[in-house]
Amino acid sequence: QVQLVESGGGLVQAGGSLTLSCSVSQSGYTIAGAAWYRQSPGKERDLVARIGRSGTTYYTDPVRGRFSVSRDNAKNEVYLQMNDLKLEDTAVYYCSAALFDETNWRQEDYWGQGTQVTVSS
């Protein structure tokens, strides 16, 4: 069963930076579009940023200017560079992607398991 695997979360002080990575657990699946979401305790899962197949990006207001989403098509990975982190950025961050199955010639949406980002004062 193919999976999205996130990494790079952790504990960081306010004002610091972290980079999250999202990769595919097995070959034969290509990331088409992808997005990063986050969820804080007691809150809904919210979109943070997304990147299209061609590299077009979109950011939500809370992170625009501080976060940057990118992709490396050769590595089949997506990244979220987070700068000037604030206490309110604390959440579990999830990668979501449309994966193209090169064997069966079809596309499906997948979610990663999430990675915790904690920003301390």
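Bear in mind that the values here come from a model prediction, so they are computed numbers and not experimental data.

Procedures and definitions
- Residues numbered from 1 in each chain as written.
- Predicted model: local features only at pLDDT ≥ 70, side-chain atom pairs only at ≥ 80, totals over all residues.
- Heavy atoms only, no water.
- Helix = DSSP H or I, 4+ residues; strand = E, 2+ residues; numbered from the N terminus.
- Contact = heavy atoms within 4.5 Å.
- Polar contact = N/O pair within 3.5 Å; in protein donor to acceptor, adjacent residues only side chain to side chain.
- Pairing = 2+ DSSP bridges.
- Phe/Tyr/Trp six-rings, centres within 6.5 Å; stacked < 30°, edge-to-face > 60°.
- Buried < 20%, exposed > 50% of the residue type's maximum accessible area, 1.4 Å probe, protein only.
- Salt bridge = Lys/Arg side-chain N within 4 Å of Asp/Glu carboxyl O.
- Disulfide = S-S within 2.5 Å.

Tracing the backbone through its elements, the reader meets Thr-115 in strand 11 (residues 115–120). Each C-alpha atom of the pair Thr-115 and Ser-68 lies 17 Å from the other, and the pair is 47 residues apart in sequence. Dropping the residues within four chain positions of it, Thr-115 is found in contact with Glu-6, Gly-9, Leu-20, Ala-91, Val-92 and Tyr-93. A distance of 3.3 Å separates a polar side-chain atom of Thr-115 from the backbone nitrogen of Gly-9.

A few words now on the pairing of strand 8 (residues 77–82). Of the pairings in the sheet, the one linking strand 3 (residues 18–24) to strand 8 comprises six bridges and is antiparallel in character. Along strand 8, the bridge assignment pairs Leu-18 with Met-82.

What follows is about the packing of aromatic side chains. Centre-to-centre distance and the angle between the planes together describe a pair of aromatic rings. Per the counting criterion, the structure on display carries two aromatic pairs. Judged by centre distance (4.9 Å) and plane angle (55°), the rings of Tyr-37 and Trp-111 are tilted. Of the two residues, Tyr-37 sits in strand 4 (residues 29–39) while Trp-111 sits in strand 10 (residues 106–111), which places them 74 residues apart along the sequence. A residue is classified by how much of its surface remains accessible, and Trp-111, at 41% relative accessible area, is partly exposed. Summarising the aromatic geometry, the rings of Phe-100 and Trp-105 are spaced 4.9 Å apart at their centres and angled 80° between planes, so their arrangement reads as edge-to-face.

A complete count under the given rule lists four salt bridges for this structure. Of the charged contacts in the structure, one is a salt bridge between Asp-89 and Arg-66, with a shortest N-O distance of 2.7 Å. Note that Asp-89 is positioned in the loop between strand 8 and strand 9 (91–101) and Arg-66 in the loop between strand 6 (57–59) and strand 7 (67–72), a separation of 23 residues in sequence. Of the two residues, Asp-89 and Arg-66, neither departs from the other in class, the shared state being buried.

Looking now at the state of the cysteines. As enumerated under the stated definition, the model contains one disulfide in all. Here Cys-22 is linked by a disulfide to Cys-95, with a sulfur-sulfur distance of 2.1 Å. Linking Cys-22 and Cys-95, the disulfide has an S-S dihedral of approximately -80° and is accordingly described as left-handed. Here the residue Cys-22 occupies a position in strand 3, and Cys-95 occupies one in strand 9, the gap between them amounting to 73 residues. You'll find Cys-22 and Cys-95 in the same group, each marked buried.

It is worth spelling out the pairing of strand 11 at this point. Here strand 11 shows a clear split, with Thr-115, Val-117 and Val-119 buried on one side and none of Gln-116, Thr-118 and Ser-120 buried on the other. For strand 2 (residues 10–13) and strand 11, the ladder comprises four bridges, and the chain directions are parallel. Bridged to Val-12 within strand 11 is Val-119. Sheet topology note: the strand 9/strand 11 ladder contains three bridges and is antiparallel. Across the sheet, residue Ala-91 finds its bridge partner in strand 11, namely Val-117.

This part takes up the side chain of Arg-38. Summarising the element assignment, Arg-38 is placed in strand 4. The exposure class assigned to Arg-38 is buried, which follows from its relative accessible area of 14%. A polar atom in the side chain of Arg-38 sits 2.9 Å from the side chain of Tyr-93. Those residues within four positions of Arg-38 in sequence are excluded, and the remaining contacts are Glu-44, Arg-45, Asp-46, Val-48, Pro-62, Val-63, Phe-67, Glu-88, Asp-89, Ala-91, Val-92 and Tyr-93.

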